[in-house]
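# A look at the structure
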Amino acid sequence: MLITPAYAQAAAGGDANSMLMSLLPFALIFVIMYFLILRPQQKKVKDHAELVKNIRRGDTVVTSGGLVGKVTKVVDDDQIEFEISDGVRVRQMRQMISGVRAKGEPAKEKTEAAKDETSAS
């Protein structure tokens, strides 16, 4: 006989510990992928959604196509209107805004404007 009984017994049957050790590298790769790729991407998407939600009149924005303009009107939850040159206004989907370069002054309400005018007089 070429194989001793001790070697034959050790080779036969797989236990739960060896199966766990074979799956451990896959779990480790998934954890590394989560922290290096998925989590930063989720944060980036969340930051962009917050940026788009907070766009208001007077902000200078940059579109994903490279246009730079000043927001003149917030049409609705999906669209804004901005001016890229004197008298040239463009409507753009909010999701296509890639960044805000300068925050504008918040627009005064009519009641605040009336108070300022009466106090200045």
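This text goes with the structure placed above it.
Scoring rules and cut-offs
- Residues numbered from 1 in each chain as written.
- Predicted model: local features only at pLDDT ≥ 70, side-chain atom pairs only at ≥ 80, totals over all residues.
- Heavy atoms only, no water.
- Salt bridge = Lys/Arg side-chain N within 4 Å of Asp/Glu carboxyl O.
- Helix = DSSP H or I, 4+ residues; strand = E, 2+ residues; numbered from the N terminus.
- Buried < 20%, exposed > 50% of the residue type's maximum accessible area, 1.4 Å probe, protein only.
- Expected span 1.5 Å × (residues − 1).
- Bend = angle between axes of the 7 residues up to and from the residue.

### Quick look at the pattern of salt bridges
- Under the defined criterion, the tally for this structure stands at five salt bridges.
- In this structure, the salt-bridge partner of Glu 50 is Lys 53, at a minimum N-O distance of 3.9 Å. Here Glu 50 and its partner Lys 53 are both found in helix 2 (residues 16-53), three residues apart, which amounts to about one turn of the helix.
- Using a relative accessible area of 40% as the deciding quantity, one classes Glu 50 as partly exposed.
- Overall, the relative accessible area of 57% leaves Lys 53 in the exposed class.
- Where salt bridges share partners, they join Glu 81, Arg 89 and Arg 91 into one cluster.

### A closer look at helix 2
- For helix 2, spanning 38 residues, the distance from its first C-alpha to its last is 51 Å, which sits close to the expected 56 Å at 1.5 Å a residue.
- Of all the bends in helix 2, the greatest, near 45°, is centred on Tyr 34.

So yeah, pure geometry; function would need other evidence.
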